[in-house]
Amino acid sequence: MIIREFGVRHGRKVLAAAAPLRRGQQQCLRALSTETSGTPVATADPAVEAALQTNPENPSPVPSLFARDWETAQQLRRNLMPVGTKVEHRYSPNDVFRNPPGPKDVTLELLMASQAHMGHHASVWNPANARYIFGIREGIHIISLEQTAAHLRRAARVVEEVAYHGGLILFVGTRPGQTQIVTQAARLAKACHLFTKWTPGTITNSDKILPGIPVEIVDELDRPVGPAFNQHLMDRRALVPDLVVCLNPLENFTMLRECSQANVPTIGIIDTNTEPTWVTYAIPANDDSLRCLAVIGSVLGRAGEQGQKRRMEDAKNGKVTWETPSEIKQFMEIQQKRARWSKRAAEEEAAATSGGGGPNGQSSTTPPKSSDRSYGRTPSTNRDGTPIFHADEALAELQMEVDLVNAEEDVSPQLRNTPRRGD
Amino acid sequence: MVRGPAQRQIRPARVYQTVTTLMEHRIKPRLAVQQPVWYKVVESIPPSEILTRPFPPQHKQPNPRARKASRLFQPQKLVYKEDELRKKFYTDHPWELARPRMIIEMDGKDALRCDWSKGLRQPGMLLSGECVVQRQMYLMENVPGITEDGAYDQVRKEFYKLRQEEEIERRIAQEEARMVGAYFGQTFQQVGMQLEDQQFERWKRWATREIEKIQGEQTAAYTSFDATEDPDTGDLDVDSLREDLEATANIPPVSK
């Protein structure tokens, strides 16, 4: 009651001081004051009285109440900000997403604070993990954080180098809550992510599972090459990632098995009950703590980011760190042969029409339409035979991404091509 | 989810060797296997050694009189000096365990911000049994000639004083708030009692209904018994009889 009356009294004063009121507002105020308290609210301030008893015949223009209230609230906030308890920044689960730590920031303290050291109950351990275990505490195995840090740095180096060599990296985390971790790591490393079920056979039976997935061919500066390779892309098989990072190997045995069959190195987070031989590079850590996974994911993502950055810098200086895939090389050789043949055919045709050996200049100016007609399968973009052969370093990229918007069937991760995301 | 025993895999760790073999020994000599992107990377950063059984970190003194090694390759229990102190404190003050406690660490360096020479109150930490244990450890290690029990007694008394201060502060804050018009609703006890009362009332309604039902059945049985056995019940006052029956539901009425 006291507080309410206090508010009314001061609200009345503020309103009166801010601008002269109209008749309706006066009534409102009076009603408000009589409702809250039986005692009459006395306005001792002569300025307030004068403002309340303004002549209603010629009301002055009044700014909107809403804006004025907002301004008052802002003023109040500015004045009251330094008053009261000083709020310190404490831990927030989103810190790791706002400012993702990189490989340089990995410390044993950080790993311990993110609960990377907690394994499973000693009875469910996998003895293959004995070398990662520090001891038993309260019945659970404690993972040695020195091992965790060492293996994490090693894995980060692998991610960075694979990104530097233009490899395709896939981050997989299919447990609930891992979506944000996986997507952030993929965004940092310009990689792909998967946070729904891995469709069995996506690698080993990709011709059936992923028929006709869109693939983009880019050059060393990650610019799309254009329509010159459209014909090649039409009968291109689905690509296989060059490195797979799995946050929960226990649930993704099928995927890891397919990766091993396709000779793809894998990085996995190995808890004390997980089989460490399923992955190439194990990171012994607690795979049940989302905080720990977020730290590890962001470290690997940052490593990939660093690798991509180095790659782009080298590409700008003219150093290309990867080879053209053999399928594209083969396609380009065939195209070169075809261009040579068409050129020769055009020359012969020109010679036949001119009735003798024509000069070189004439053959070069021959319109390519005739060659198109004679061969039929030459790419339409091959206007003068030269432009497509400039794409000597072409990289086929598969962007395996679960399309949340278009995933209507919701069964298989759709493989689609996404535009390169800029930094 | 029930899982079978984990299957060992040999291919993931040997991916480099596999691809090297593929590249070097071709069944079809003209079919060249291209070097994978990761090949040089895995060559320069090989996977770590696995499936070896190391001698685990030792956390206890070996028994000199033991005649043969036991559990040589199994991880050992981690035992710290604070464990005993903690156990003793919480045995003496079991209700301290019922207080809420912050277990999330900020960046792992939280322990470095505490200075136990200055007392039990530390920045960013609520007063709890852990403060007592840490302060006691500090005293035991830094004060010459202090025993474990002596340190415990000293810290315990500091702790009681601080808890008392907290209680008084809380009570006064409550009084002040009440004075300016705050009210705090019902306590947990009151809420619990209210819920229990509601359940009792529900049960009472249900029981009354059941009793009425049984009584009705009994009444119906006796009236029909009377109707078949004794045709001249018209002489009797049925209403008074029914009232009697209802009053003494369990006692069978004496036949006329």
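Residues numbered from 1 in each chain as written. Chains lettered and ligands numbered in written order. Predicted model: local features only at pLDDT ≥ 70, side-chain atom pairs only at ≥ 80, totals over all residues.

**Thoughts on the overall build of chain B**
No. 1: Per the secondary structure count, chain B includes seven helices and zero strands.
No. 2: Helices and strands appear in chain B in the N-to-C order α-α-α-α-α-α-α.
No. 3: Looking at chain B residue by residue over its 256 residues, the buried ones come to 9%. (Helix = DSSP H or I, 4+ residues; strand = E, 2+ residues; numbered from the N terminus. Buried ≥ 20, exposed ≤ 12 C-beta atoms within 10 Å, placed from the backbone.)

**Examining the overall build of chain A**
No. 1: When helices and strands are tallied, chain A shows 15 helices and ten strands.
No. 2: Counting across all 423 residues of chain A, residues that qualify as buried make up 35%.
No. 3: Partitioning the contacts of chain A with sequence separation of at least 6, the portion at a separation of at least 24 is 68%. (Contact = placed C-beta atoms within 7 Å.)

**With respect to the environment of M332 of chain A**
Residue and element names in this part refer to chain A.
No. 1: Position of M332 relative to the elements: it lies in helix 13 (residues 326-354).
No. 2: We classify M332 as partly exposed; it has 19 C-beta atoms within 10 Å.
No. 3: In sequence terms M332 and F229 are 103 residues apart; their C-alpha atoms lie 8.9 Å from each other.

**A closer look at the interface of chain B and chain A**
No. 1: Counting residues at the interface gives 40 residues for chain B, matched by 47 residues for chain A.
No. 2: Secondary structure elements with two or more residues in the side of chain B that touches chain A: helix 1 (15-24) and helix 2 (39-44) of chain B.
No. 3: The element best represented in the side of chain B that touches chain A is helix 1 of chain B, accounting for three residues.
No. 4: Of the residues belonging to the side of chain B that touches chain A, the class tally is 24 nonpolar, nine polar and seven charged. (Nonpolar A, V, L, I, M, F, W, Y, C, P; charged D, E, K, R; others polar.)

**A short note on the nonpolar core**
No. 1: Grouped together as the largest cluster of nonpolar side chains are 73 residues, with contacts concentrated most on V159, I169, V172, V245 and I296 of chain A.
No. 2: When sequence neighbours within four positions are dropped, the list of residues in contact with I169 of chain A reads V159, V162, A163, A189, A191, P241, D242, L243, V245 and G304 of chain A.
No. 3: Of all hydrophobic cores here, the second largest spans nine residues; its members include L85, V132, Y152 and F159 of chain B. (Core = buried A, V, L, I, M, F, W, Y, C linked by C-beta atoms within 7 Å.)

**Some points on the sheet that holds strand 9 (residues 281-284) of chain A**
All names here are of chain A.
No. 1: Read across the sheet, five strands follow the order 5-4-7-8-9 without closing on themselves; strand pairing throughout is parallel. The open sheet terminates on both sides in strands that have one partner only, identified here as strand 5 (192-194) and strand 9. The sheet shows a mean angle of 20° between the axes of neighbouring strands, taken without regard to direction.
No. 2: Here strand 7 (residues 243-246) pairs with strand 8 (residues 266-270) via three bridges, running parallel. Directly across from V245, in strand 8, lies its bridge partner I267.
No. 3: In the packing of helix 7 (residues 145-164) onto the sheet, contacts are made with strand 4 (169-172), strand 7, strand 8 and strand 9, and the angle to strand 9 comes to roughly 140°.
No. 4: Packing against the sheet, helix 8 (residues 179-189) makes contact with strand 4 and strand 5, and its axis sits at approximately 165° to strand 4. (Pairing = 2+ DSSP bridges. Axes fitted to C-alpha atoms, helices over the stretch in contact; angles between N-to-C directions.)

**Quick word on the pairing of strand 2 (residues 133-137) of chain A**
All names here are of chain A.
No. 1: In this structure, strand 2 lies alongside strand 3 (residues 140-143), joined through four bridges in antiparallel fashion. Each residue of the ladder has a partner; that of I136, found in strand 3, is H141.
No. 2: Joining the antiparallel neighbours strand 2 and strand 3 is a turn of two residues, in which E138 adopts a positive phi near 50°.

**Topic: the confidence of the model for chain A**
Residues and elements named next belong to chain A.
No. 1: Scored by pLDDT, chain A comes out at a mean of 77, with 69% of its residues at no less than 70.
No. 2: For the stretch residues 18-44, pLDDT sits under 50, and the model shows 31 contacts to residues farther than four places along the chain or on other chains.
No. 3: Low pLDDT (under 50) marks residues 356-423, which in the prediction has 113 contacts with non-local residues, meaning those over four places away or in another chain. (pLDDT = per-residue confidence, 0-100.)

**Digging into the sheet that holds strand 2 of chain A**
Residues and elements named next belong to chain A.
No. 1: Taken in spatial order, the three strands make up an open sheet running 1-3-2, and their pairing is antiparallel. Looking at strand neighbours, the two that pair on one side only are strand 1 (118-121) and strand 2, the edges of this open sheet. Along the sheet, successive strands turn relative to each other by an average axial angle of 30°, direction set aside.
No. 2: Pairing of strand 1 with strand 3, which is carried by two bridges, proceeds in the antiparallel orientation. When the sheet's bridge partners are listed, H121 is paired in strand 3 with I140.

**Remarks on helix 11 (residues 253-261) of chain A**
In an α-helix there are 3.6 residues to a turn, and that puts residues three or four apart on one side.
No. 1: Within the sequence span of helix 11 of chain A, burial applies to M255, L256, E258, C259 and S260 of chain A.
No. 2: On the buried face of helix 11 of chain A, the contacting elements are strand 4, strand 7 and strand 8 of chain A together with helix 1 of chain B.
No. 3: One or two positions beyond helix 11 of chain A, positive phi appears at N263 of chain A, with a value near 55°.

**A closer look at the pairing of strand 4 of chain A**
The side chains of a regular strand alternate, first on one face of the sheet and then on the other.
Residues and elements named next belong to chain A.
No. 1: Of the two faces of strand 4, the one holding I169 and F171 and the one holding L170 and V172 are both buried throughout.
No. 2: Of the pairings in the sheet, the one linking strand 4 to strand 7 comprises four bridges and is parallel in character. Counterpart to I169 in the pairing with strand 7 is L243.
No. 3: Handedness of the β-α-β unit built from strand 4, helix 8 and strand 5 comes out right-handed. (Right-handed = clockwise from strand over helix to strand, strands pointing away.)

**Structural notes on unusual backbone geometry**
Residue and element names in this part refer to chain B.
No. 1: The phi dihedral of L51 is positive, around 60°, even though this residue is not glycine.
No. 2: In this structure, L51 sits in the loop between helix 2 and helix 3 (82-92).
No. 3: L51 gets classed as partly exposed once you count the C-beta atoms within 10 Å, which come to 14.
No. 4: A positive phi angle is found at R71, which is not glycine, with a value near 50°.
No. 5: You can see R71 is positioned in the loop between helix 2 and helix 3.

**Structural notes on the environment of T219 of chain B**
All names here are of chain B.
No. 1: Checked against the element boundaries, T219 lands in helix 6 (residues 188-229).
No. 2: Look at T219 and you get partly exposed, because 15 C-beta atoms sit within 10 Å.
No. 3: Once the C-alpha coordinates of T219 and P100 are considered, the two residues, 119 residues apart in sequence, prove to be 60 Å apart.

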